[in-house]
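Each chain, letter by letter, is given below.
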Amino acid sequence: MPKRRLRKAAFLAAAAVLLLLTPGAPAEARTDPGAAPGPGAPAAGIPPLTDEQGRALTLRGWNLADKEHRGDEALADITERSLRDMAAQGFNLARLAVFWDDLEPRPGHYSTSYLRKIERVLDWAHKYRVRVVIDAHQDVYGPAFGSHRGIPAWATRTDGLPYRPHPDDWFAEYFEPAVQAAFEHLYQDDDLRRAQARMWQVLAGRLAGHPAVFGYDLINEPMGRMRPGESIPDAARRIESTQITPMYGRIAEAIRRVDRRHWLFVEPTPAAGEGVPTGLGRIHDPKVVYAPHFYNAAMEAGRDYDPASGWLKAYEAAVVHYPRAMGIPVFIGEWGPLDSSLPNMGRFYEDALTSMSRYATGWASWQWCYGGGYCAMDAHGVFQANKSRTAEPYAAAVAGTVRSAFYSPVSGAYRLIYAARRHGTTELILPPAPRGWHVEVTGPARADTTRVPAAERATVRVTAGAGGGEAVVTVTAD
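Here the structure is a predicted model, which is why all the values come from computation and not from measurement.

K.L.:
I keep staring at the overall build of the protein and nothing clicks. Help me out?
P.N.:
Helix and strand content of the protein: eleven helices and 19 strands. Its C-alpha atoms give the protein a radius of gyration of 22 Å, within 12% of the compact-globule value 23 Å for 478 residues. Viewed in the frame of its principal axes, the protein has a C-alpha envelope of about 70 × 50 × 45 Å. Burial status across the protein gives 59% buried among its 478 residues. Sequence-distant contacts in the protein: of pairs separated by 6 or more residues, those separated by 24 or more amount to 74%. For the protein, the exposed area adds up to about 17700 Å²; of that, 52% sits on carbon and sulfur atoms. One way to put it: in the protein the 54 positive side-chain charges average out to a point 5 Å from where the 53 negative ones average out.

In structure tokens form, the structure reads like this:
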């Protein structure tokens, strides 16, 4: 089985405490999940992701990651079944973790075998109509530090500083002096900057023409070196502003030499998970997506969701500032609890999905695998407790302007209201339902079907007429 994501509770908890001690921090309050439109209607000032037809997209999916296997066995745990099962439940997006240490095991020597393995996964994704974001993944920098993956050992410089593993909380290893030095060198050393840019140019140059590729996540959960006496939020904003922003600019420039088509996904540090506003600056590229992660310290440590904690409200209040200021879409690259079976987790999924729908045009939960912990499915291929709640109807592509879109898990009904574009085709994805779905359209548009049989996943196409106007699509469970 793939190595599971372990907790980063100490870091996030410290960030949360410091945030709440900061003047102007959001007060604790219960989030009202019914206060705003649902999926497909992002918050004012935040544009949606769009496809090449200009349709507003909603992307729903899961991460695919195999951290255990490398070399000849790389990506062995990601199979055609993974993509087939995801698509069968109505998901249309996979965020695929790839590792620089596998792509370039020696300086300047790129593994064609690894590239073919990535393309094999992309072929499966294309077969099942799943878009893919290529994620340059790293955990604790890379294999120079224990069993971690990411940036190659040959690109790791520690200044001889110490590194001590933390078996019970690997995220604490980010604060080891050697690891912090390694990030500093990656950001500052000209030869490492060039190597990182070349790696991305090779990767994007190889994959740019593949029909499954939707975009590139430039680095997973970037970190950096804290200064003595510096708080975590202050360090995060400084690192994001002065080191991560220029890095994204360099990588974007390298990718655009070989691929001007696909979206670039940029992440803040993990401090954003506890409602710390990012210090990222503008990335000068016309197709940038803000892609923070969405984790809570208590739940990362295995505790239950507390609806009254104020965490979700603080996160939402902070996360919208950067995309509004930059005029770019939001995509949540990772989210999900360690233990989804706890008593309040049904409420968590309801609140989280509703909250994300207010500002994000998509998300990828962690992770699609078959087992325990964060896995979507158990060993028998059945959704783990409450995770089936992620499979709900949504408008995957809207040809027009979304007025509102909302799914009620109580009534089992989904409604999309949009100003239809003339002759445009809107696509709804409906996951399998025990008794199927009924589709009704009013206004200047027509659906290609009015009924979806029981236990079938369907894509329903709604085409507007010549006049345009407001259309309403209502989907109800039979």
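Picking up where we left off.
K.L.:
It is not clear to me how the UniProt feature "domain: Glycoside hydrolase family" (unreviewed entry) in the protein should be interpreted in this structure. Could you clarify?
P.N.:
Residues given the UniProt feature "domain: Glycoside hydrolase family" (unreviewed entry) here are residues 53-370. Between the C-alpha atoms that bound residues 53-370 there is a distance of 36 Å. The span itself is 36% helix and 13% strand.

K.L.:
Can you help me understand the packing of aromatic side chains in this one?
P.N.:
Two measures describe an aromatic ring pair: the distance that separates the ring centres and the angle between the ring planes. Scanning the model with the defined rule gives 29 aromatic pairs in all. An angle of 45° between the planes, with centres 6.3 Å apart, marks the rings of Phe-294 and Trp-335 as tilted. Of this pair, Phe-294 sits in strand S8 (residues 293-294) while Trp-335 is found in strand S9 (residues 334-335), placing the two residues 41 residues apart along the sequence. For the residue pair Phe-294 and Trp-335, the accessibility class agrees, reading buried in each case. The ring of Tyr-370 carries Arg-81 above its face, with NZ or CZ at 3.8 Å from the centroid.

K.L.:
Hey, could you run me through the packing of helix H6 (residues 190-207) against helix H7 (residues 232-256) in this one?
P.N.:
Each pair of packed helices can be summarised by the angle the axes make with each other and by the distance between the axes. Running from amino to carboxyl end, H6 crosses H7 at an angle of 40°, the nearest separation of the two axes being 8 Å. Here H7 runs oblique to H6, going by the angle between their axes. In this structure, H6 crosses over H7, and the sense of that crossing is right-handed. Each of Arg-193, Gln-196, Ala-197, Trp-200, Gln-201 and Ala-204 in H6 lies in contact with H7, whose residues at this interface are Met-247, Arg-250, Ile-251, Ala-254 and Ile-255. Its residues assigned to classes, the contact of H6 with H7 shows seven nonpolar, two polar and two charged.

K.L.:
Looking at this model, I keep getting lost on the pairing of strand S11 (residues 394-398). Mind explaining?
P.N.:
The two faces of a sheet get side chains in turn, since along a regular strand they alternate between them. Burial analysis of S11 places five of its five residues in the buried class, the great majority of the element. Bridge count for strand S1 (residues 56-57) against S11 is two bridges, and the pairing is antiparallel. Residue pairing across strands places Ala-56 opposite Val-398, the latter belonging to S11. Here S11 runs beside strand S14 (residues 425-430); their pairing, made up of three bridges, is antiparallel. Across the sheet, residue Ala-397 finds its bridge partner in S14, namely Glu-427.

K.L.:
Just checking my understanding: could you explain the pattern of salt bridges for this structure?
P.N.:
When the charged atoms of two side chains with opposite charge come close together, those side chains can pair. Per the stated rule, a full pass over the model turns up 27 salt bridges. Note that Arg-95 and Asp-135 form a salt bridge whose closest N and O atoms lie 3.2 Å from each other. Residue Arg-95 is found in strand S3 (residues 93-98), and its partner Asp-135 is found in strand S4 (residues 131-136); the two are separated by 40 residues along the sequence. Relative accessible area serves as the criterion here: at 1%, Arg-95 is assigned to the buried category. Salt bridges sharing common partners tie together Asp-51, Arg-55, Arg-129, Glu-427 and Arg-461.

K.L.:
Help me out: how do you make sense of the state of the cysteines in this one?
P.N.:
In protein chemistry, a disulfide is the covalent bond that joins the sulfur atoms of two cysteines. Scanning all chains against the criterion turns up one disulfide. A sulfur-sulfur distance of 2.0 Å marks the disulfide that ties Cys-369 to Cys-375. Across the disulfide from Cys-369 to Cys-375, rotation about the S-S bond amounts to roughly -110°, and the bridge is consequently left-handed. Considered together, Cys-369 and Cys-375 belong to a single accessibility category, that of buried residues.

K.L.:
Can you help me understand the side chain of Asp-66 in this one?
P.N.:
Looking at where Asp-66 falls in the secondary structure, it is placed in the loop between strand S2 (59-64) and helix H2 (80-88). Of the buried charged residues, Asp-66 lacks a salt bridge, with Arg-149 as the closest side chain of opposite charge at 6.3 Å. At 3.1 Å, the side chain of Asp-66 and the backbone nitrogen of Glu-68 are in polar contact. At 2.9 Å, the side chain of Asp-66 and the side chain of His-69 are in polar contact.

About the criteria used
- Residues numbered from 1 in each chain as written.
- Predicted model: local features only at pLDDT ≥ 70, side-chain atom pairs only at ≥ 80, totals over all residues.
- Heavy atoms only, no water.
- Helix = DSSP H or I, 4+ residues; strand = E, 2+ residues; numbered from the N terminus.
- Rg over C-alpha atoms; globule rule 2.2 N^0.38 Å.
- Buried < 20%, exposed > 50% of the residue type's maximum accessible area, 1.4 Å probe, protein only.
- Contact = heavy atoms within 4.5 Å.
- Areas by Shrake-Rupley, 256 points an atom, 1.4 Å probe, with all protein chains shown as cover.
- Lys, Arg positive; Asp, Glu negative; His and termini not counted.
- Charge placed at Lys NZ, Arg CZ, Asp CG, Glu CD.
- UniProt positions renumbered as here; feature names shortened; annotations may be inferred.
- Phe/Tyr/Trp six-rings, centres within 6.5 Å; stacked < 30°, edge-to-face > 60°.
- Lys NZ or Arg CZ within 6 Å of the ring centre and 35° of its normal.
- Axes fitted to C-alpha atoms, helices over the stretch in contact; angles between N-to-C directions.
- Parallel < 35°, antiparallel > 145°, perpendicular 65-115°, else oblique.
- Left-handed = near helix turned anticlockwise from the far one by under 90°.
- Nonpolar A, V, L, I, M, F, W, Y, C, P; charged D, E, K, R; others polar.
- Pairing = 2+ DSSP bridges.
- Salt bridge = Lys/Arg side-chain N within 4 Å of Asp/Glu carboxyl O.
- Disulfide = S-S within 2.5 Å.
- Polar contact = N/O pair within 3.5 Å; in protein donor to acceptor, adjacent residues only side chain to side chain.

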